[in-house]
Amino acid sequence: MFKVSAGLGCVFAAAITASAAQANECGEVSIMQGDWGSAQIVTAVSKFLMEEGYGCDVTTIPLSSIPALASVAETGKPDILTEIWTNGAPAYQGLVDSGKIIPVNEVLSDGGVEGFFVPNYLVEEHPELATIEGIVANPELVGNRFHNSPEGWVSINANTNLLKASGLIDAGLDNFVHGSGETLAASIATAFEDKEPWFGFYWAPSSILGKYPMTLVELGPHDPAKHTCNITAECVTPALSNYPQSVVTTVLSKDFMADNVEISELMTNLSFTNAQMGETLAWVEDNKASYEEGAVYFLTTYNDVWGSWLNDAARKNLAALLQ
């Protein structure tokens, strides 16, 4: 397993012989650091390439999606929101339309899958749990609890409104809001260890769905109007509707994009397939590694991928790693 004791730059210090002297002076850059796995990898990889390839001074700012969008709308910071799942962010399209934020690419090129999941071992024993109607009729089979997203995640409103629409809230199901993405993931691992009931929200790509076989619960056909209401805390008519496949974007502030052409081009090119991201996240989990170490794994495994994201000067600075 890779060990990183002082940042990604130290891991590759012997290989990068000239980046500090040759890198372009891009100045200070602030980037969002989400608290879920794929966002952590995207941010760590972006930070390394900006610092070592382009000579940037990068500051990461821990923010979930909704606070990040609010911050960039009000203050213009962070400069870069590395991973926004757009289908659960009610403010997103308005900010795009107003020109305050500019989406530059689909950072997860295959899109994101979100929804309610139950372990396969539960469905094998109780096939009715593959639908929300089956869970409503048998809430005790899922432990009478729903594992919801942490506060600040764009999915928490939709999840809660779907539970209301199904009648599970009125029936007394415990809508348990996790304190972090880490505790949400840990609840799944713990359930699988003892084959205990589990019912809650999750997504792909993720190491969790790669390691633990889960069934996506059928919530009914996706209805854009219903989902638009569900994702708002003020929705007065919650209704059942599957999550859509999410467009997952990297977003830049308007002022930053205007003043930083080279970094804007890098972030426009920077994109991961679900297979690449899932493999990297599984490596992190299997090796009990940090996400920074996971970024090292991606950079050493997929240099043919990220090498194509760079301009000529950055490619020269990172030439030792591209061989």
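Everything discussed here concerns the structure shown above.
Summary of the structure given here. Residue positions are given per chain, counting from 1 as you read along its sequence in written order. The predicted origin of the model limits local features to residues at a pLDDT of at least 70 and limits the giving and counting of side-chain atom pairs to 80 or more, whereas totals for whole chains, interfaces and linings rest on all residues. To obtain the side-chain values, all non-hydrogen atoms of the structure were included, while hydrogens and water were left out.

## What to know about the packing of aromatic side chains
- The pairing test for Phe, Tyr and Trp rings, Trp by its six-membered ring, is centres within 6.5 Å, and the orientation test on the planes gives stacked under 30 degrees, edge-to-face over 60, and tilted for anything in between. Counted by the stated rule, this structure contains 15 aromatic pairs.
- A centroid spacing of 4.9 Å and a plane angle of 45° characterise the contact between Phe192 and Tyr212, whose relative ring orientation is tilted. Taken together, the residues Phe192 in helix α9 (residues 181–194) and Tyr212 in the loop between α10 (207–211) and β9 (214–216) connect sequence positions 20 residues apart.
- Here the guanidinium or amino end of Arg145 rests over the ring plane of Phe176, the centre of that ring lying 4.3 Å away. Comment: elements are numbered from the N terminus, with helices defined as DSSP H or I runs of at least four residues and strands as E runs of at least two. Criterion for a charge above a ring: Arg CZ or Lys NZ at most 6 Å from the ring centre, at most 35 degrees from the ring normal.

## Considerations on the pattern of salt bridges
- We define a salt bridge as a side-chain nitrogen of Lys or Arg found within 4 Å of a carboxyl oxygen belonging to Asp or Glu. Evaluated as defined, the whole model comprises five salt bridges.
- For Lys77, the salt bridge identified is with Asp79, shortest N-O distance 2.8 Å.
- For Arg315, the salt bridge identified is with Asp312, shortest N-O distance 3.0 Å. Taken together, the positions of Arg315 and Asp312, both in helix α17 (residues 312–317) and three residues apart, correspond to about one turn of that helix.
- Given a relative accessible area of 61%, Asp312 falls into the exposed group. Buried, partly exposed and exposed residues are distinguished by accessible area as a fraction of the type maximum, computed with a 1.4 Å probe on protein chains only: under 20%, between the cut-offs, and over 50%, respectively.

## Digging into the state of the cysteines
- The definition used for a disulfide is geometric: two cysteine sulfur atoms within 2.5 Å. By the definition in use, this model includes two disulfides.
- Through a disulfide, Cys26 is tied to Cys56; the S-S separation comes to 1.9 Å. You can see Cys26 sitting in the loop between α2 (19–22) and β1 (27–33) and its partner Cys56 sitting in strand β2 (residues 56–62), a full 30 residues away along the chain. Of the two residues examined, Cys26 and Cys56, each falls in the buried class.
- Each sulfur of the disulfide joining Cys229 and Cys235 lies 1.9 Å from the other. Taking the sign of the torsion about the S-S bond as the criterion, the disulfide between Cys229 and Cys235, at about 105°, is right-handed. Of the two residues examined, Cys229 and Cys235, each falls in the buried class.
- With cysteine numbering restricted to those in disulfides and following the sequence, the protein has the pairing 1-2, 3-4.

## Remarks on helix α8 (residues 155–166)
- Each residue after the first adds 1.5 Å to the expected span of a helix. A rise of 1.5 Å per residue sets the reference length of α8, with its twelve residues, at 16 Å; its end C-alpha atoms lie 17 Å apart and thus fit the reference within 8%.
- Within α8, nine of the twelve residues are buried, which leaves it mostly tucked inside the rest of the structure.
- On its buried side, α8 packs onto β5 (113–119), α7 (132–137), β6 (145–148), β7 (174–177), β8 (200–204) and α11 (224–230).
- Directly after α8, the chain includes Gly167, whose backbone phi takes a positive value near 95°. Between two residues, a contact is recorded if the distance between any of their heavy atoms is within 4.5 Å.

## Observations regarding unusual backbone geometry
- Cis geometry is found at the peptide bond from Lys77 to Pro78, where omega equals 0°.
- Within the secondary structure, Pro78 is located in the loop between α4 (65–75) and β3 (80–85).
- For the bond from Ala204 to Pro205, the omega torsion is 10°, close enough to zero to count as cis.
- Tracing the sequence through the fold places Pro205 in the loop between β8 and α10.
- In the Ramachandran plot, Asn144 falls in the positive-phi region, its phi being about 55° despite a non-glycine side chain.
- Positive phi, normally seen in glycine, also occurs at Lys288, with a value near 50°.
- Along the polypeptide, Lys288 turns up in the loop between α14 (274–286) and α15 (291–301).

## With respect to the pairing of β7
- Taken together, the four bridges between β6 and β7 define a ladder with parallel strand orientation. If you follow Phe146 over to β7, its bridge partner there is Asn175.
- Where the polypeptide runs from β6 across α8 and back to β7, its parallel neighbour, the crossover connection is right-handed. Strands qualify as paired when DSSP identifies two bridges or more between them. Crossover handedness is defined here as right-handed if the route from the first strand over the helix to the second strand goes clockwise, with the strands pointing away from the viewer.

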